[in-house]
Amino acid sequence: ALGRLRSALGPVPSQAVRQENHFLDTPAGKLRSARIALRLRAEEGRWFLTLKGPRVEGPGPLATRAEEELTLDARCAAEILAGTRDPLRELAPTVLVADARAALAGEPLVRLGSFQNERERLGPLALGALPARLVLELDRTTFPDGVAHELEVELPDGIEAVALEGELRALFARCALPWRPGE
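What counts and what doesn't
- Residues numbered from 1 in each chain as written.
- Predicted model: local features only at pLDDT ≥ 70, side-chain atom pairs only at ≥ 80, totals over all residues.
- Heavy atoms only, no water.
- Buried < 20%, exposed > 50% of the residue type's maximum accessible area, 1.4 Å probe, protein only.
- Helix = DSSP H or I, 4+ residues; strand = E, 2+ residues; numbered from the N terminus.
- Arc of directions from axis to C-beta.
- Phe/Tyr/Trp six-rings, centres within 6.5 Å; stacked < 30°, edge-to-face > 60°.
- 1 Å grid on protein atoms, 1.4 Å probe; cavity = no way out; pocket = protein on both sides within 12 Å on 5 of 7 lines; lining within 4 Å.
- Points joined across faces, edges and corners; volume = space filled by probe spheres on them.
- Nonpolar A, V, L, I, M, F, W, Y, C, P; charged D, E, K, R; others polar.
- Salt bridge = Lys/Arg side-chain N within 4 Å of Asp/Glu carboxyl O.
- Contact = heavy atoms within 4.5 Å.
- Pairing = 2+ DSSP bridges.

1. Details of helix H4 (residues 95–104)
Along H4, the residues that are buried comprise Leu96, Val97, Ala100, Ala103 and Leu104. Down the axis, H4 shows its buried residues gathered within 120° of arc, on one side only. Away from the buried face of H4 by more than 90 degrees, exposed residues Val95 and Ala102 are located. Following H4 by one or two positions, Ala105 has its phi on the positive side, about 50°.

This is the structure we're talking about:
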């Protein structure tokens, strides 16, 4: 499938990275119950703290999530993983951070689990009539019960979700790839 996708896109810049993802929540999963996710990711020696809000359905199979992300130094990341530093204090005080705090109701965060991911970034590229600002992120994630593949695209400002969906569907059709929305 990746070969068919690369052939359809032609020559585009690419970058392969390995990621290690750590998910933080209460033992009872209070953030998850509120449909909020808190992740600490290591990628190529850099650390990123990401808070994602509930999925908001868009047109067709597309969806959006409010997201706050911050680059951290290794010491701060280690303290978060050790449970000695509150990751929400590192993020700017936004509505999403306030929602996460409310969902936690004062309970401490713990690392619930981790997984490794191989990501290949393709782009920036133009897709059909869309400008050359898209980056396709192709993930291969290994879980204890199997391997999952995902394509993620961050929607740049000025590009409409409906236009992106149409171009992605056309690309998938050219590559004979099934179209399955993410969860």
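2. What to know about the packing of aromatic side chains
Tallying each qualifying case throughout the model produces three aromatic pairs. Each ring, one from Phe115 and one from Phe143, has its centre 5.3 Å from the other, and the planes form 50°; the classification is tilted. Of the two residues, Phe115 is situated in strand E5 (residues 110–127) and Phe143 in strand E6 (residues 130–143); the sequence distance between them amounts to 28 residues. Judged by relative accessible area, Phe143 falls into the partly exposed class, the value being 33%. Ring geometry for Phe172 and Trp179: centres 5.2 Å apart, planes at 75°, overall edge-to-face. Of the residues examined, Phe172 reaches a relative accessible area of 13% and is grouped as buried. According to the relative accessible area criterion, Trp179 is partly exposed, its value standing at 25%. Pairwise contacts between aromatic rings join Phe23, Phe115 and Phe143 into one cluster.

3. A few points about the layout of surface pockets
One number sums up the size of the second largest pocket: a volume of about 220 Å³. Taken together, 17 residues form the lining of the second largest pocket, with Asp86, Pro87, Glu107, Pro108 and Leu109 sitting closest to its centre. Mapped by element, the contributors of at least two residues to the lining of the second largest pocket are helix H3 (74–82), H4 and E5. Partitioning the lining of the second largest pocket into residue classes produces nine nonpolar, three polar and five charged.

4. Some words on the pattern of salt bridges
Scanning all chains against the criterion turns up 17 salt bridges. For Glu69, the salt bridge is made with Arg39, and the minimal N-O distance between the two is 3.9 Å. Here Glu69, found in strand E4 (residues 63–72), pairs with Arg39, found in strand E2 (residues 37–43); they are 30 residues apart in sequence, far enough to count as distant. Using a relative accessible area of 47% as the deciding quantity, one classes Glu69 as partly exposed. Taking the shortest distance from any N to any O, the salt bridge between Arg121 and Glu43 comes out at 3.1 Å.

5. Considerations on the environment of Ala16
In this structure, Ala16 sits in strand E1 (residues 14–25). Sequence-wise, Ala16 and Glu120 are 104 residues apart; in three dimensions their C-alpha atoms are separated by 4.3 Å. Discounting chain neighbours no more than four positions away, the residues touching Ala16 are Glu44, Arg119 and Glu120.

6. Considering the pairing of strand E3 (residues 46–57)
Of the pairings in the sheet, the one linking E2 to E3 comprises seven bridges and is antiparallel in character. Residue pairing in the sheet places Ala37 in a bridge with Lys52 of E3. Between E2 and E3, which pair antiparallel in sequence order, lie two residues; one of them, Glu44, sits at a positive phi of approximately 55°.

7. Description of unusual backbone geometry
At the junction of Gly123 and Pro124, the peptide bond is cis and its omega measures out at 10° in the coordinates. Note that Pro124 resides in strand E5. Of note, Ala105 is a non-glycine position whose phi angle comes to about 50°, a positive value. Here Ala105 is to be found in the loop between H4 and E5. Owing to a relative accessible area of 57%, Ala105 belongs among the exposed residues under this scheme.

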